[in-house]
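Survey of secondary and tertiary structure
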Amino acid sequence: MKKKALSLILTACMALGLCACGGSSSSQSAASDQPAEAAEAGAENTEADAAEAGAETADASANTDVSGKVVIYTSMYEDIIEDMEKDLKDVFPNLEIEFFQGGSGTLQSKIAAEMDSGKMGCDILMLAEPSYALELKEKGMLHPYKYAETDKLLFDYDEEGYWYPVRVLNMVLGYNPDLYNKEELPKTFKEFAEDSSVKDMISMSNPLTSGSAYSSVVALYDLYGEDYFKALGQQNVAIESGSVALTKLETGECKQIMVLEESILKKREEEGSALEAIYPEDGTIAIPSPIMIVDEKVSANANIAACEAVEDYFLSPAGQQLIIKGWMYGVRSDVKDYPYDGSPVTDLIPKFIPVDWEKCYKERDAIRGMFQNHVTVPAE
């Protein structure tokens, strides 16, 4: 895995010189008086313009050559997937793209069962966090693809091409300003676990089933140690889905929750919700979610060319707009847009708490066990 420096100076200097030369002629005879050289040059320019226009048309319709079927397993929200399907149909009119959505735990169980059978039910994976990509790579389940614009990526990627970041999830704290005063609530993840004023009224997702929650546990474990989770358990933190936690924020049953920023931004834009994010002073937790192609010998449709085209598109500036429309952050230095009510990702980068993805993978069972020792996790 390549550790890529996070650049805050994102200059895109594009010098596109477009020279439009044209002249008006008042009569047929004036045109015929032009020198032969000028006439030849004009003809050559016309031919060149036509060739260039033809090339542009070919580029615009290049994805019509991509056909067959591709199945994508993803942990993204279902309604975001529905919007993506419409856009992807326009981009790949001759390709059938089918999504299967599930939480990280559900998808990992499904993939494990499929690996035992020797055949996967998908061709592309878009999961929550990179540690599972490390595992699949080690088991020989992924196809390496050299993406041409890795210099534009702001986050870690696999230098052999087995996975790339495609979206960034941002773990924050959430509260309801209509019911509680922000100044009286925890401003850090540490206070979230230690401030007795919110005891019995906090919530987070289950790290045994949620990839983003598990990544956050590893980040906070490295930052504060095991005592953090002892304190969290003593706070009687509720372990439940993000949708349940958001409802509790709205009713006042919860004072504060640990939640993905996109969940709050989505409610603010779609429902006009008053819920707000608190960006913890000890840092937010960034989770660059990977996209990866399943190795042809075990993939559902053995359609590697189409998979590479789809991966290329998701990583392109146009494809990144689908991510941003879904209230997630893009991963490219040359894409300046950001989610509704969010912030430029480059403003957030200096405040990110790092996550050790190797540790996430190699110590998964031990870290999950540690969490369960200190925090009450509901039975499945």
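What counts and what doesn't
Residues numbered from 1 in each chain as written. Predicted model: local features only at pLDDT ≥ 70, side-chain atom pairs only at ≥ 80, totals over all residues. Heavy atoms only, no water. Helix = DSSP H or I, 4+ residues; strand = E, 2+ residues; numbered from the N terminus. Buried < 20%, exposed > 50% of the residue type's maximum accessible area, 1.4 Å probe, protein only. Contact = heavy atoms within 4.5 Å. Areas by Shrake-Rupley, 256 points an atom, 1.4 Å probe, with all protein chains shown as cover. Expected span 1.5 Å × (residues − 1). Axes fitted to C-alpha atoms, helices over the stretch in contact; angles between N-to-C directions. Left-handed = near helix turned anticlockwise from the far one by under 90°.

1. Some words on the overall build of the chain
Summing up its helical and strand segments, the chain has 15 helices and 11 strands in all. Residues classed as buried in the chain amount to 49% of the 380 residues present. Summarising the internal contacts of the chain: among those between residues at least 6 apart in sequence, 78% fall at separations of at least 24. Summed over all atoms, the accessible surface of the chain reaches about 17800 Å², with 48% contributed by carbon and sulfur.

2. Observations regarding helix 4 (residues 104-117)
The end-to-end C-alpha distance of helix 4 is 20 Å, a good match for the 20 Å that 14 residues give at a rise of 1.5 Å each. Buried-residue contacts for helix 4 involve strand 1 (68-74), strand 2 (95-101), strand 3 (124-126), helix 5 (131-138), helix 7 (211-224) and helix 15 (364-374). Immediately beyond the C-terminal end of helix 4, within one or two residues, lies Gly 118, with a positive phi of roughly 85 degrees.

3. Focus on the side chain of Asp 295
Within the secondary structure, Asp 295 sits in the loop between strand 10 (284-294) and helix 11 (304-315). Accessibility expressed as a relative area gives 17% for Asp 295, which makes it buried. Excluding its chain neighbours within four sequence positions, the residues that come into contact with Asp 295 are Gly 140, Met 141, Leu 142 and His 143.

4. Describing the packing of helix 8 (residues 227-234) against helix 15
Contact geometry of helix 8 with helix 15 gives a least axis separation of 8 Å together with a crossing angle of 40 degrees. You can see that helix 8 and helix 15 cross each other, and the crossing is right-handed. Counting all contacts with helix 8, which are made through Phe 229, Lys 230, Leu 232 and Gly 233, the residues of helix 15 involved are Met 370, Phe 371 and His 374.

5. Topic: unusual backbone geometry
Phi at Asp 200 is positive, roughly 70 degrees, even though this residue is not glycine. Counting through the fold element by element, Asp 200 comes out in the loop between helix 6 (189-194) and strand 6 (202-204). One non-glycine residue, Asn 236, adopts positive backbone phi at about 60 degrees. For Asn 236, a relative accessible area of 41% translates into the label partly exposed.

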